[in-house]
Amino acid sequence: MTYKKLKRIDLIFHEDCECHKVLEKTFSKSNDEIINDLLESGLKGRGGAGFPTGLKWKFTAEQPSDERFVICNADEGEPGTFKDREILFKVPDKVFSGMAVCAKVIGAKKGYIYLRGEYRFLLPELRKALDKFHNDIKDLIDFEILIQMGSGAYICGEESALFESMEGKRGEPRNKPPYPTVAGFRNKPTVINNVETLVYAFMICMHGPMKFKELGTSDSRGSKVFSVSGDTPIPGIYELELGMALDQFVEEFGDGDTKAVQVGGAAGFCVPRKKLKETIIGFEGVPTGGSMKVFNSSRSMYNVLHNYLEFFEEESCGQCTPCRVGCQQLIKGIEAVKKGEKKAVYLEQLLKLSETMKLASKCGLGQSVANSFSSIVGNFREEMIY
Amino acid sequence: MANINIKIDGVEVEIEEGKTILDAARAINVHIPTLCYHEDLCVAGNCRVCMVEVKGARALVASCAMPASDGMEIQTNSLKVRSARKNVIELLLSEHNADCTNCYKNKKCELQDLASEYKTSGEAVYLDLVPLKNYTIDDFSPSIIKDDSKCIRCQRCVRTCEELQHVSALGVAYKGDKMKISTFFENPMYDVVCTNCGQCINRCPTGSLIERNYVDEVWDAIYDENKHVVVQTAPATRVALGEDLGMEPGKVVTGKMVSALKRLGFDSVLDTDFSADLTIMEEGTELLTRLKKALVDKDPTVKLPMATSCSPGWIKFIEHTFPEYLDNLSTCKSPQQMFGALAKTYYAQKKKINPANIVSVSIMPCVAKKFEADRPEMRDSGYKDVDYVLTTRELARMIKQGGLDFGALPEERYDSIMGESTGAAVIFGATGGVMEAALRTAYEIVTGREVPFENLNITPVRGMDGVKEVSVKIEGTVPEWSFLEGVELKTVTAHGLTNAKYVMERVKSGEGAYHFIEVMGCPGGCIGGGGQPIPTNMEIRKKRTEAIYMEDSGKPLRKSHENPEVIAIYKEFLGEPLSHKSHELLHTHYKARQRY
Ligand SMILES: Cc1cc2nc3c(=O)[nH]c(=O)nc-3n(C[C@H](O)[C@H](O)[C@H](O)COP(=O)(O)O)c2cc1C
Ligand code: SF4
Ligand code: SF4
Ligand code: SF4
Ligand code: SF4
Ligand code: FES
């Protein structure tokens, strides 16, 4: 495995961008060229699942339809993630521009930003920026971006639940297939990308694929924006090259007493100190949507897990059995073990249950509960019992 | 569409592209358990018991929701599948108030079936979550009981109410561990737009939605020596009852049903078909009268199109959703309620029984009829016209409780009076039946000739199409009805409230110009009613329908106006259709209800 040194990058927030010019240049290229640049760059989605962005656009463009949409997923509900907020606050033009490029490639006339309910305070500035943007691009493309407010459920960040919510229905994930590239918003082919993904796509248009591809590893190209929180002296937003080993990260951000790092939020993995060195941050190791939460030795990992499970128990949409009931059983189960009402071996049953949830749940939420559960129970078993 | 080849448990299957893995498995008789899946509904994919393993896929897939694709290799029973499925069943049980011996659905429950297949140890694997939940039972309604502690949240009921009925009385509320099936503002079913059609009951896999049963009350009445208990049986019951007593769908069991009812101790076993014939006389005359007022008298207040009023689910639907069309409803009561009003008047007089001592019971394919019998409008005899309504299912239960070997019972005839009927009444049980029966009589009144269809079978109004528009040209009228000469009588027939809504919206927009509308609230008409044996699906409903038409064609009399008992009741008691007495006993008006 190739380990990278920790390296700070300054692509996304760099204030050198004349979006209109870059768009003009990009629009002079053919759609195939743009898609090829994206494919060449190796950009993968930053929303969690890591699907190659170029392919997503290509599939959507190729899907026969009278109408297509591009949607920017700004629901940012993962605990410990706040980087999309920063991006929308600091460089909204780059987000809009990324959407405009996508719109050109797939032939969308309308785009939507699905904005997390709690980010309502961003609205006035976003609206202002959007008005200006619409005005700037009207000579380039017939494309309009609308903002749709989310209503506070974590599950509405899941793409198909997001479409349901946008269509005025209850935010419940759909069956897949069909995937959004075939039938997304209003059952039309839809590109849905994370805020950050769209900005990187635009950065790739601006700088060419090579500048992006040079960064990171073969499985995880480029850089990424991290939200660093927890027991760190310097919490905040950092753009870092992908592929570094986790111990490098801890060296930079830890407080000297780091016990574990939760990579990827509640849906992610918990990496204990002894495994920091061998763990790579990226799709070949532990992937992350951006949340990096550092825990020092004062933390009870039982409490950490309990918190996550409480979150899932409440935020599951509740439609499918493994997730709805599984979450309740996991939390009640570790409580029972802690209180001595169940023997420690019950943890093995719970691990099996989390495995079933991973295999049998309908969407990514239920499927990913096992990540934190098995990594915390697996690495901190004693803390669960005593 | 092209065909594709897949492999299920090592067996090659060729199947149409677009079909699911579940379809493919069923085609080769591989049994995959399901809970949220129902043939009549769109796919939900939420219970996850139908999971299978697809070679190369990271996770298991829900076979009900996953389209088969060429070359797929599927295992339905691998270690991974079994262990996940067992876990899912255990999870469902851990949330479930599994009080089977006290449950109305005991031995008729899909969750119980799965538990009996998959549970091998006597212990629950997971913690019992039931004590932590504030499950509620809604038993305010005379028709439906909703017990959340028995709910597995498969949302079949939600989809039923939304897709088949366009009522959406039930929805999903809250999320996570609190997620539940609920009504608007969690009001009782009694207080919301629910039409009591019972279609959700027919599709609920557990005991979470059931009819309110009156079995014990009816036994008490039977055992009470001071009571004279009369029972009427609706047309559609006789083609479905057998299913709950071990017979194949599509069997006509009229004679055995009569025999069973007599053995159970009912004092007089009579037929709703009699009052169905009567309904045709009243409703047919009402239609012709309205046409006359509109065409000859040019009366602007007369309401056309006229719509049938025998389906109480449809009545409540129109009260909530199209109250501005209430006057378009025929003023006729449903056959059940006509029968009830006559049982405690005409019948009581003829039999010289004090109506206060008559208990009138009806056997119905319907749950809404329970609500209907409770309506304040339905006391024109001076008493509650119909005391207890039992569903086909409840009757099957009584027959079992009575220890009767149903299959071995002889065929017996209905008692008299009010037991005689024609084929026109029998077909009330299927969508299009009232229309056909009305046309058979009305056409003959107007022209003096039989309807111009072979063997009186008006086939265009039959069948499972949701909306059937049929025009009948009236020619060669008798002098009294000559104003109808050459008139194209425009009719439309709809079943299931989604189709009814579509028709009403066409009426509203002016696109649908009709004279006569037949609506049955349930898919397929009463044969698919909310009180019929479970399960239901298109195939079963078709078989019941075929049985209905078989019963019709085998009847010596097939036109309502030829029913001798109907002729007699007009002579002895009612006078003529739409007489003052008829209006008093057989007609009513309904009032608008709020949507919320
Ligand atoms: C429970 C759940 C919550 C999610 N929340 C978000 C979110 O807040 N923001 C986001 O971009 N993606 C979220 N996703 C991922 C989206 O479903 C989707 O994969 C993503 O928006 C695709 O964008 P990308 O290709 O740019 O990563 C979530 C997924 C799940 C299962
Ligand atoms: S996994 Fe959880 S969030 Fe996803 S559909 Fe199932 S219940 Fe809903
Ligand atoms: S719903 Fe089914 S499993 Fe539940 S108590 Fe009733 S019969 Fe038993
Ligand atoms: S009430 Fe019945 S049909 Fe509705 S969700 Fe519950 S179990 Fe399913
Ligand atoms: S009885 Fe009919 S209207 Fe009422 S909730 Fe059930 S399906 Fe809906
Ligand atoms: S039957 Fe397939 S998920 Fe429920």
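From a predicted model like this one, the values you see are computed outputs, not experimental measurements.

(A) Structural view of the overall build of chain A. Within chain A one finds 15 helices and 9 strands. For 386 residues, the compact-globule estimate of 2.2 N^0.38 gives 21 Å, and the C-alpha radius of gyration of chain A, at 21 Å, lies within 12% of that figure. The C-alpha extent of chain A, read off along each of the three principal axes, is 70 × 45 × 35 Å. Taken across its 386 residues, chain A has 60% of its residues classed as buried.

(B) Layout of the overall build of chain B. Within chain B, the secondary structure is distributed over 18 helices and 18 strands. For chain B, whose C-alpha radius of gyration is 25 Å, the value lies close to the compact-globule estimate of 25 Å for 596 residues. In terms of principal-axis extent, the alpha carbons of chain B reach across some 80 × 60 × 50 Å. Taken across its 596 residues, chain B has 62% of its residues classed as buried. Taking the intrachain contacts of chain B between residues at least 6 apart in sequence as the baseline, contacts between residues at least 24 apart amount to 75%. Surface summary for chain B: the accessible area is close to 22,800 Å², and the carbon and sulfur share equals 49%. Of the side chains in chain B, 72 bear a positive and 83 a negative charge, and the two mean positions are spaced by 2 Å.

(C) Up close: the site of ligand 3. If you check the shell around ligand 3, you find 13 residues, and the closest are H96, C100, C103, C109 and G207 of chain B. Its residues assigned to classes, the shell around ligand 3 comprises 4 nonpolar, 6 polar and 3 charged.

(D) Structural context of the pattern of salt bridges. All names here are of chain A. Scanning all chains against the criterion turns up 72 salt bridges over all chains. For E241, the salt bridge identified is with K4, shortest N-O distance 3.2 Å. Of this pair, E241 sits in strand 6 (residues 236-241) while K4 sits in the segment before helix 1 (19-27), and the two are 237 residues apart along the sequence. Here E164 and K169 are joined by a salt bridge, their closest N and O atoms 3.7 Å apart. Since its relative accessible area comes to 14%, E164 is described here as buried. Note on K169: relative accessible area 44%, which makes it partly exposed. Taken together, the salt bridges that share partners define one network made up of R46, K83, D84, E196 and K224.

(E) Structural view of the domain arrangement of chain B. All names here are of chain B. Here chain B is partitioned into domain 1 (3-77), domain 2 (120-211), domain 3 (215-274 + 336-408) and domain 4 (281-331 + 422-530 + 557-586). Relative to domain 4, the C-alpha centre of domain 2 lies at a distance of 36 Å. Between domain 2 and domain 4, the contact holds 16 residues from the first and 15 residues from the second. Summed over both partners, the interface of domain 2 with domain 4 comes to about 1,100 Å²; 49% of that surface belongs to carbon and sulfur atoms.

(F) Main features of the side chain of T233 of chain B. Residues and elements named next belong to chain B. If you trace the backbone, T233 turns up in strand 11 (residues 228-233). Owing to a relative accessible area of 0%, T233 belongs among the buried residues under this scheme. Leaving out residues up to four positions away in the same chain, T233 has contacts with R238, M257, L261, L270, D271, T272, D273, I363 and Y414.

(G) Quick look at the sheet that holds strand 13 (residues 306-307) of chain B. All names here are of chain B. With mixed pairing, 4 strands are arranged side by side in an open sheet as 13-18-17-16. The open sheet has two edge strands with one neighbour each: strand 13 and strand 16 (467-473). Of the strand pairs in this sheet, strand 13 and strand 18 (residues 516-520) are connected by 2 bridges, and their pairing is parallel. If you follow M306 over to strand 18, its bridge partner there is F516.

(H) Looking closely at the interface of chain A and chain B. In this complex, chain A contributes 35 residues to the contact, which on the side of chain B involves 38 residues. Between chain A and chain B, the buried area comes to about 2,900 Å², and carbon and sulfur atoms account for 56% of it. Broken down residue by residue, the surface that chain A buries against chain B is led by T321, R324 and L359 of chain A, which jointly contribute 20%. For R324 of chain A, the salt bridge is made with E95 of chain B, and the minimal N-O distance between the two is 3.1 Å.

(I) Focus on the domain arrangement of chain A. All names here are of chain A. When cut into domains, chain A gives domain 1 (19-213), domain 2 (223-287) and domain 3 (301-385). Placing the centre of domain 2 and that of domain 3 at their C-alpha centroids yields a distance of 23 Å. Listed by partner, the interface residues are 11 residues for domain 2 and 12 residues for domain 3. Together domain 2 and domain 3 conceal approximately 960 Å² of surface at their shared face, both sides included; 60% is due to carbon and sulfur atoms.

(J) View of the environment of N36 of chain A. Within the secondary structure layout, N36 of chain A lies in helix 2 (residues 31-41). Classification of N36 of chain A as partly exposed rests on a relative accessible area of 47%.

(K) Representation of the site of ligand 2 within the structure. What surrounds ligand 2 is a group of 13 residues, the closest being C317, C320, C323, C363 and G366 of chain A. Among the residues forming the shell around ligand 2, the class breakdown is 7 nonpolar, 5 polar and 1 charged.

(L) Structural detail: the environment of F184 of chain B. Residue and element names in this part refer to chain B. With respect to the helices and strands, the residue F184 is situated in the loop between strand 9 (180-182) and helix 5 (199-203). The class for F184 is partly exposed, based on a relative accessible area of 40%. When the C-alpha positions of F184 and Y596 are compared, they lie 7.5 Å apart, and in sequence the two are 412 residues distant.

(M) Structural view of the side chain of S334 of chain B. Relative to the assigned elements, S334 of chain B resides in the loop between helix 9 (312-321) and helix 10 (335-351). At 3.0 Å, the side chain of S334 of chain B forms a polar contact with the side chain of E372 of chain B.

(N) Examining the packing of helix 8 (residues 272-295) of chain B against helix 17 (residues 564-574) of chain B more closely. Residue and element names in this part refer to chain B. Closest axis-to-axis distance for the helix 8/helix 17 pair is 10 Å, and the angle between their directions is 65°. As summarised for this structure, helix 8 and helix 17 are arranged roughly perpendicular, according to the angle between their axes. Where helix 8 crosses over helix 17, the two elements pack in a sense that is right-handed. Contact residues: helix 8 offers F274, D277, L278, M281 and E282, while helix 17 offers E565, V566, I569, Y570 and L574. Looking at the contact of helix 8 with helix 17, its residues break down into 7 nonpolar, no polar and 3 charged.

Parameters and conventions
- Residues numbered from 1 in each chain as written.
- Chains lettered and ligands numbered in written order.
- Predicted model: local features only at pLDDT ≥ 70, side-chain atom pairs only at ≥ 80, totals over all residues.
- Heavy atoms only, no water.
- Helix = DSSP H or I, 4+ residues; strand = E, 2+ residues; numbered from the N terminus.
- Rg over C-alpha atoms; globule rule 2.2 N^0.38 Å.
- Buried < 20%, exposed > 50% of the residue type's maximum accessible area, 1.4 Å probe, protein only.
- Contact = heavy atoms within 4.5 Å.
- Areas by Shrake-Rupley, 256 points an atom, 1.4 Å probe, with all protein chains shown as cover.
- Lys, Arg positive; Asp, Glu negative; His and termini not counted.
- Charge placed at Lys NZ, Arg CZ, Asp CG, Glu CD.
- Near = heavy atom within 4 Å.
- Nonpolar A, V, L, I, M, F, W, Y, C, P; charged D, E, K, R; others polar.
- Salt bridge = Lys/Arg side-chain N within 4 Å of Asp/Glu carboxyl O.
- Domains from an automatic or database assignment.
- Buried area = accessible area lost by both parts, 1.4 Å probe.
- Pairing = 2+ DSSP bridges.
- Polar contact = N/O pair within 3.5 Å; in protein donor to acceptor, adjacent residues only side chain to side chain.
- Axes fitted to C-alpha atoms, helices over the stretch in contact; angles between N-to-C directions.
- Parallel < 35°, antiparallel > 145°, perpendicular 65-115°, else oblique.
- Left-handed = near helix turned anticlockwise from the far one by under 90°.

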